[in-house]
Amino acid sequence: MKRILVSGGAGFLGSHLCDKLLAEGHEVLCVDNFFTGSRRNIYHLLDNKRFELLRHDVTHPLYVEVDEIYNLACPASPIHYQFDPVQTTKTSVIGAMNMLGLAKRLKIKVLQASTSEIYGDPEIHPQPESYRGNVNTLGPRACYDEGKRCAETLFFDYHRQHGVAIKVMRIFNTYGPRMHPNDGRVVSNFIVQALKGQDITIYGDGKQTRSFCYVDDNIEGMYKLMNSRAGFTGPVNIGNPGEFTMLELAQLVIELTNSKSKLVFMPLPQDDPLQRKPVIDLAKKELDWEPKIPLREGLIKTISYFDQILKEG
Ligand SMILES: NC(=O)c1ccc[n+]([C@@H]2O[C@H](COP(=O)([O-])OP(=O)(O)OC[C@H]3O[C@@H](n4cnc5c(N)ncnc54)[C@H](O)[C@@H]3O)[C@@H](O)[C@H]2O)c1
């Protein structure tokens, strides 16, 4: 049994990771400042003797004794990360330094939740880990994209300079229960609009594609990466290569919710990438991982979650 720190543990992915680590028999120290995370996500864990919650902002140093760190703290949706862009960059960069500093002092492994945003608006498709990206340093997404890029740099410099054991995971669009209902991400947007019978907003002509990974697949990949062979650092893409247009996604959501919602078209936001799809050969080879849950099945579970929270009000 290990004592494992999960920063951002009250968030969407973090709370599912806490569930997984507890199920594997570990102790979990969940660290979160509740900027986008919620007590609801971890409410069911509060009575678990192996679970501990600490309200803390990772931009400040943290002195605790743990055996492993998963660094997930960072708002992940554009609405949230653009709300206070300076704080977003601080969370990514200073938060990473603080977690790396802790890992260095304790001589333990640390995993970074990086992102496909590293690739920006990609000029090659699909994206392998070797692609260096096409990011606008000045745009409204840069606080997140560049913050995460700098965090990756810090991870590799701590590894080379101080010998810290690192694992870097580039997460592609992930969806599932416990996503925020109002975070502007396409899956939650469409589902909430469909369940409320509101118009479904499509940005652009709806022909831009995304790949969607169900949360359980993501968490399995994250856990396998942390426990991968010594010396394997990544970065490794974790995502679902199945590609869907926004129109296809909207139609599937309408079908599964039995909704009468209509589609309405709005202009594309600035710097919104047109395509994103992971090459997952490295994850298959090194982690023996690939996503298993088809979009339809994952959407049914996600719709049932949103249906419940909308009823709760
Ligand atoms: N969900 C995705 O599709 C996706 C894709 C790529 C990368 N990621 C990365 O995965 C991680 C988790 O994403 P998520 O979707 O669960 O987002 P989320 O917003 O639900 O979770 C982030 C958590 O971090 C916490 N947090 C934010 N700033 C903090 C700070 N300064 N100190 C302490 N806690 C802080 C929030 O309160 C929240 O609980 C993020 O690092 C994100 O960049 C997610």
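Residues numbered from 1 in each chain as written. Predicted model: local features only at pLDDT ≥ 70, side-chain atom pairs only at ≥ 80, totals over all residues. Heavy atoms only, no water.

**Focus on the site of the ligand**
1) Next: Residues in contact with the ligand amount to 31 residues; listed here are only the nearest, Leu13, Asp32, Thr36, Tyr144 and Lys148.
2) Next: A distance of 2.9 Å separates an oxygen atom of the ligand from a polar atom in the backbone of Leu72.
3) Next: With respect to the ligand, the side chain of Lys148 contributes an N or O atom lying 2.8 Å from an oxygen atom.
4) Next: Protein contact buries 98% of the 820 Å² of open area that the ligand shows by itself.
5) Next: Looking at the shell around the ligand, the elements that each hand over two or more residues are α1 (12-23), α4 (85-106), β5 (109-115) and α5 (142-162).
6) Next: Considering each element in turn, the shell around the ligand owes the most residues, three residues, to β5.
7) Next: Residues that form the shell around the ligand fall into these classes: 14 nonpolar, 13 polar and four charged. (Near = heavy atom within 4 Å. Polar contact = N/O pair within 3.5 Å; in protein donor to acceptor, adjacent residues only side chain to side chain. Areas by Shrake-Rupley, 256 points an atom, 1.4 Å probe, with all protein chains shown as cover. Helix = DSSP H or I, 4+ residues; strand = E, 2+ residues; numbered from the N terminus. Nonpolar A, V, L, I, M, F, W, Y, C, P; charged D, E, K, R; others polar.)

**Quick word on the side chain of Glu129**
1) Next: With respect to the element layout, Glu129 can be found in the loop between β5 and α5.
2) Next: For the buried residue Glu129, which engages in no salt bridge, the nearest side chain bearing the opposite charge is Arg170, 6.5 Å off.
3) Next: Once you skip the residues sitting within four places of it in the chain, Glu129 turns out to touch Tyr119, Arg170, Pro235, Val236, Asn237, Val279 and Leu282. (Buried < 20%, exposed > 50% of the residue type's maximum accessible area, 1.4 Å probe, protein only. Lys, Arg positive; Asp, Glu negative; His and termini not counted. Salt bridge = Lys/Arg side-chain N within 4 Å of Asp/Glu carboxyl O. Contact = heavy atoms within 4.5 Å.)

**Re unusual backbone geometry**
1) Next: Of the consecutive residues His125 and Pro126, the connecting peptide bond is found in the cis state with omega at -5°.
2) Next: If you trace the backbone, Pro126 turns up in the loop between β5 and α5.
3) Next: Here the phi dihedral of Arg178 falls at roughly 80°; this positive angle occurs in a residue that is not glycine.
4) Next: You can see Arg178 is positioned in the loop between β7 (174-175) and α6 (186-195).

**Some remarks on the sheet that holds strand β2 (residues 27-32)**
1) Next: In spatial order, the strands read β3-β2-β1-β4-β5-β6-β11; together these seven strands make up an open sheet with parallel pairing. Of all strands in the sheet, those with a lone pairing partner are β3 (51-55) and β11 (236-238), marking the two edges. Going from strand to strand, the sheet's axes swing by 20° on average, the running direction of each strand aside.
2) Next: Examined bridge by bridge, β2 and β3 share five bridges and lie parallel to one another. Looking across to β3, one finds that Val31 is bridged to Leu54. (Pairing = 2+ DSSP bridges. Axes fitted to C-alpha atoms, helices over the stretch in contact; angles between N-to-C directions.)

**Things to note about the side chain of Glu152**
1) Next: Mapped onto the elements, Glu152 comes out in helix α5.
2) Next: We classify Glu152 as buried; its relative accessible area is 8%.
3) Next: When near neighbours in sequence (up to four residues on either side) are disregarded, Glu152 contacts Ser114, Ile118, Val168 and Arg170.

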